[in-house]
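Understanding the architecture of this molecule
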Amino acid sequence: PSPPAAAAAAAAAAVAPLAEATANYTVNWVPQATAPDCTNAPATPGCTLHVHPGDTVVISWDTEEVHDLLLMENAERYGACTFINAEEKVGKKQQGSYTVDTSAVGTQYFGCSVYGHCTSKQKIAIEVEDDAHDHDDHDDHDHDGTDASSAPPAQRLGGAAASALVAVLATAAAAAVV
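Since the structure is predicted, the reported quantities are computational estimates derived from the model, not experimental observations. (Residues numbered from 1 in each chain as written. Predicted model: local features only at pLDDT ≥ 70, side-chain atom pairs only at ≥ 80, totals over all residues. Heavy atoms only, no water.)

A short note on the state of the cysteines
We count it as follows: Here, two cysteine sulfur atoms that lie within 2.5 Å of each other are counted as a disulfide. Any residue under 20% of the maximum accessible area for its type is buried, any over 50% is exposed, and the rest in between are partly exposed; the area is computed with a 1.4 Å probe on protein chains only. Under the scheme used here, helices are H or I runs from DSSP no shorter than 4 residues and strands are E runs no shorter than 2 residues, and both carry numbers assigned from the N terminus.
Per the counting criterion, the structure on display carries two disulfides. Each disulfide pairs two cysteine sulfurs, and for Cys38 the partner residue is Cys47, the sulfurs being separated by 2.0 Å. Disulfide Cys38 to Cys47: torsion about the S-S bond roughly -90°, handedness left-handed. Since its relative accessible area comes to 29%, Cys38 is described here as partly exposed. Residue classification places Cys47 among the buried positions, given a relative accessible area of 2%. A disulfide bridge connects Cys81 with Cys118, and the sulfur atoms are separated by 2.1 Å. Residues Cys81 and Cys118 share a disulfide whose torsion about the S-S bond is about -80°; that sign makes it left-handed. With Cys81 in the loop between α2 (75–80) and β4 (87–100) and Cys118 in the loop between β5 (106–111) and β6 (123–128), the pair connects residues that are 37 residues apart, well separated along the chain. Cys118 matches Cys81 in its accessibility class, with the two residues each being buried. Within the protein chain, bonded cysteines paired by disulfides and numbered along the sequence follow the pattern 1-2, 3-4. Just so you know, Cys112 is unpaired, no disulfide at all, and the nearest cysteine sulfur is the one on Cys118, 8.1 Å from it.

Written out as structure tokens, the structure is:
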């Protein structure tokens, strides 16, 4: 094939992993002393974390005081910090960890039922969105607090996938110059 055709094929092959890239999020499960900064740190209790199927979300804590983690029935119960019909994911203890199931599209609402914790924003909504979802209606952030929608693809990836993408694009650019 001609150099431009080969470059186009290489670029297409490099971009394919972008659709399959997953992200890892860790939520530090503690009450918030002040209003959370959901714009810059969406994986903070009191915020809504937007993720995609297959992303990993771990809610964990290691503190002097006890916490628990309950999956709340719906948005209304979440908003009111009402734990009626909530499903316990981790019981009351000083250390805990739970990996959220992100395989299905939808919103899951989690809260701590220890007195005063939920009303102190120790709760989080995890919204699993399909890959075709229009992100223009909310801020979309990466797990490290950077704005994922404006970050270059190589920054959103990492490790070998980012290196491969950079190498293929450099090769494509060199071929186009020839």
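Once the structure has been displayed, the description carries forward.
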